[in-house]
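# Coordinate inspection notes
Below are the chains, spelled out letter by letter.
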Amino acid sequence: MRGEKRKKYVACLRLPSTALDCCRNFRLSLLSLLLIPLVAQADTAMRQFLWEQANTQAAAAATPEDYAKAAATYERIVADGVVNADLFLNLGSVHVLAGDTAKATAVFERAERYRGSIPETRQGLLAAMARQTGRAQTDLPWFRTTFFWHFSLPCHARVLVALTGWALFWGGVFVRLLRRNRKRHGATHSLSETGMLIGGLMALVFTISAFVTICQELW
C-alpha cells in the first residue's frame, strides 16, 4: 500500500510531456522577446556606424574613386532598408563627384519624393546634368515647371491633399443629396457644387501624382 501511495505521489510530481513542451516553448518565446530589442539596437548601431563612416569618407575624399567608396557605404544603408531625404542627398552628392551622373540623378529624384523640390535637390540635379552634358546648367527640364505640384511637394503631402480633395468632393455630394428636394439656386447648392468641382479636381490630380510617385519608388 505504501509503495502504491509513493508511486502515485511521485507521478503527481511529474509533469506530462505536453506540459514540459509548453514550458520549453514559453522559455524560448520569452528569450526571443528579450532578444528582439537587442537585435533592433544592434541594427540601429550598425546603421549609425555606416552613416558616420560614409560621412567621414565623403569629407576626406579627394578623387572620384574615394567618392565612389563613400557612395558604396551610403548604398549599404539604403540596402538595409533606410530611406530618407538626407541619406539620398548625401548619396547623390558623392555620386556626382564620383562621376556617376545617372545614379546621381536617380538618387536626387528619390530625395524629392520624400522632401519635395528644395534648393539642395535642384542644385544636385543641375550639377548632375552639368557633368553629363559638359556645360553649365541653369534650368531644369520644362516639365518640372509645368507639373510643379508633382515635384514641389513630397509624396506624403500629395497624399494628404488627395484625401482632402476626396473629402470635399463627397461632402459636396452629401450636401447636394440632402438639399435635392429644395430650391436649387441657394447658397448651399452653390457651395455643394463648388466642393464637388474643386474637391474632385484636387482628388484626381493629386491621386494620380501620388500613385505615379509610389510606383516609381516601388519599381
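One can find the structure itself at the top, above this paragraph.
Before going into details, it helps to say that this report is about the structure given with it. (Residues numbered from 1 in each chain as written. Predicted model: local features only at pLDDT ≥ 70, side-chain atom pairs only at ≥ 80, totals over all residues. Heavy atoms only, no water.)

## Regarding the environment of Leu191
What counts here: Secondary structure elements follow DSSP: runs of H or I of four or more residues count as helices, runs of E of two or more count as strands, with numbering from the N terminus.
Summarising the element assignment, Leu191 is placed in helix H10 (residues 187-218). Residues Leu191 and Arg176 lie 15 residues apart in sequence; the distance between their C-alpha atoms is 9.1 Å.

## Some thoughts on the packing of aromatic side chains
For clarity, the threshold we go by: Any Phe, Tyr or Trp ring, taking Trp's six-membered ring, that has another such ring centre within 6.5 Å forms a pair; planes under 30 degrees apart are called stacked, those over 60 apart edge-to-face, and the others tilted. Any residue under 20% of the maximum accessible area for its type is buried, any over 50% is exposed, and the rest in between are partly exposed; the area is computed with a 1.4 Å probe on protein chains only.
Applying the stated criterion across every chain yields a total of 8 aromatic pairs. Judged by centre distance (5.8 Å) and plane angle (65°), the rings of Trp51 and Tyr74 are edge-to-face. On the criterion of sequence distance, the pair formed by Trp51 in helix H2 (residues 17-60) and Tyr74 in helix H3 (residues 64-79) is long-range, its members being 23 residues apart. Given a relative accessible area of 1%, Tyr74 falls into the buried group.

## A short note on the packing of helix H4 (residues 85-98) against helix H6 (residues 119-133)
For the record, the criterion: Fitting a line to C-alpha atoms yields each axis, with helices limited to the stretch in contact; the angle taken between N-to-C directions then spans 0 to 180 degrees. Throughout, the term roughly parallel applies to angles under 35 degrees, roughly antiparallel to angles over 145, roughly perpendicular to angles from 65 to 115, and oblique to all others. Crossing handedness is read from the near helix: turned anticlockwise from the far helix by less than a right angle, it gives a left-handed crossing, and turned clockwise, a right-handed one. Residue contacts are counted whenever heavy atoms from the two residues lie within 4.5 Å of one another.
At their nearest, the axes of H4 and H6 sit 10 Å apart, and the two run at 20° to each other. When the axis of H4 is compared with that of H6, the two are roughly parallel. Both H4 and H6 take part in a crossing whose hand is left-handed. Of the residues in H6, those touching H4 at Leu89, Val96 and Leu97 are Glu120, Thr121, Gly124, Ala127, Ala128 and Arg131.

## Topic: H6
Applied cut-off: By this rule the span expected of a helix is its residue count minus one, scaled by 1.5 Å.
Under the 1.5 Å per step criterion, the end-to-end length of H6 is 21 Å for 15 residues, consistent within 8% with the ideal 21 Å. Along H6, the residues that are buried comprise Thr121, Gly124, Leu125, Leu126 and Ala128.

## As for a nonpolar patch on the surface
In plain terms, the rule: Nonpolar side chains (Val, Leu, Ile, Met, Phe, Trp, Tyr) are joined into patches within 5 Å and like charges within 9 Å, using only residues with over 30% relative accessible area and no salt bridge. Accessibility throughout is a Shrake-Rupley quantity obtained with a 1.4 Å probe, and a residue counts as covered only by protein chains that appear here. A pairing counts as a salt bridge when a side-chain nitrogen of Lys or Arg comes within 4 Å of a carboxyl oxygen of Asp or Glu.
The grouping of Val159, Leu160, Leu163, Ile214, Leu218 and Trp219 at the surface amounts to a nonpolar patch, some 680 Å² of accessible area in total. For the nonpolar patch, the secondary-structure elements that each account for two or more residues are helix H9 (155-178) and H10. Broken down by element, the nonpolar patch gets its largest block of residues, 3 residues, from H9. Its place among the elements puts Trp219 in the segment after H10. For Trp219, a relative accessible area of 78% puts it in the exposed group.

## A short note on the packing of H4 against helix H5 (residues 101-115)
Here is the rule: Classification used: nonpolar for Ala, Val, Leu, Ile, Met, Phe, Trp, Tyr, Cys and Pro, charged for Asp, Glu, Lys and Arg, polar for all others including Gly.
One can describe the packing of H4 onto H5 by two numbers: an axis separation of 8 Å at closest approach and a directional angle of 160°. Taken together, H4 and H5 sit at an angle that is classed as roughly antiparallel. Crossing of H4 against H5: the hand is left-handed. Along the contact surface, H4 presents Ala85, Asp86, Phe88, Leu89, Leu91, Gly92, Ser93, His95 and Val96, while H5 presents Lys103, Ala104, Val107, Phe108, Arg110, Ala111, Tyr114 and Arg115. A breakdown of the residues in the contact of H4 with H5 according to their chemical character gives 10 nonpolar, 3 polar and 4 charged.

## Looking at the layout of surface pockets
Put simply, the rule is: In this analysis the probe radius is 1.4 Å and the grid spacing 1 Å, with only protein atoms considered; a cavity is a set of points the probe fits into but cannot get out of, a pocket is an open set with protein on both sides within 12 Å along at least five of seven lines, and lining residues have an atom within 4 Å of a point. Grid points are joined across faces, edges and corners, and a volume is the space filled by probe spheres set on the points.
The calculated volume of the largest pocket comes to roughly 160 Å³. Forming the walls of the largest pocket are Glu109, Glu112, Arg113, Phe143, Arg144, His150, Phe151, Arg158, Thr213 and Gln216. Where the lining of the largest pocket is concerned, the elements lending two or more residues are H5, helix H7 (143-146), helix H8 (148-152) and H10. By residue number, the principal contributor to the lining of the largest pocket is H5, which donates 3 residues. A breakdown of the residues in the lining of the largest pocket according to their chemical character gives 2 nonpolar, 3 polar and 5 charged.

## Some points on the pattern of salt bridges
If the charged atoms of two oppositely charged side chains come close together, the side chains can form a pair. The final tally for this structure, using the stated rule, is 6 salt bridges. The salt bridge involving Asp80 is made with Arg47; its shortest N-O contact spans 2.7 Å. In this pair, Asp80 is assigned in the loop between H3 and H4 and Arg47 in helix H2, connecting sequence segments 33 residues apart. Given a relative accessible area of 38%, Asp80 falls into the partly exposed group. Classification of Arg47 by relative accessible area gives partly exposed; the value is 31%. The salt bridge involving Arg115 is made with Asp86; its shortest N-O contact spans 3.0 Å. Taken together, the positions of Arg115 in helix H5 and Asp86 in helix H4 put the pair 29 residues apart, joining distant regions of the chain. Given a relative accessible area of 37%, Arg115 falls into the partly exposed group.

That is the geometry; function is a separate question.
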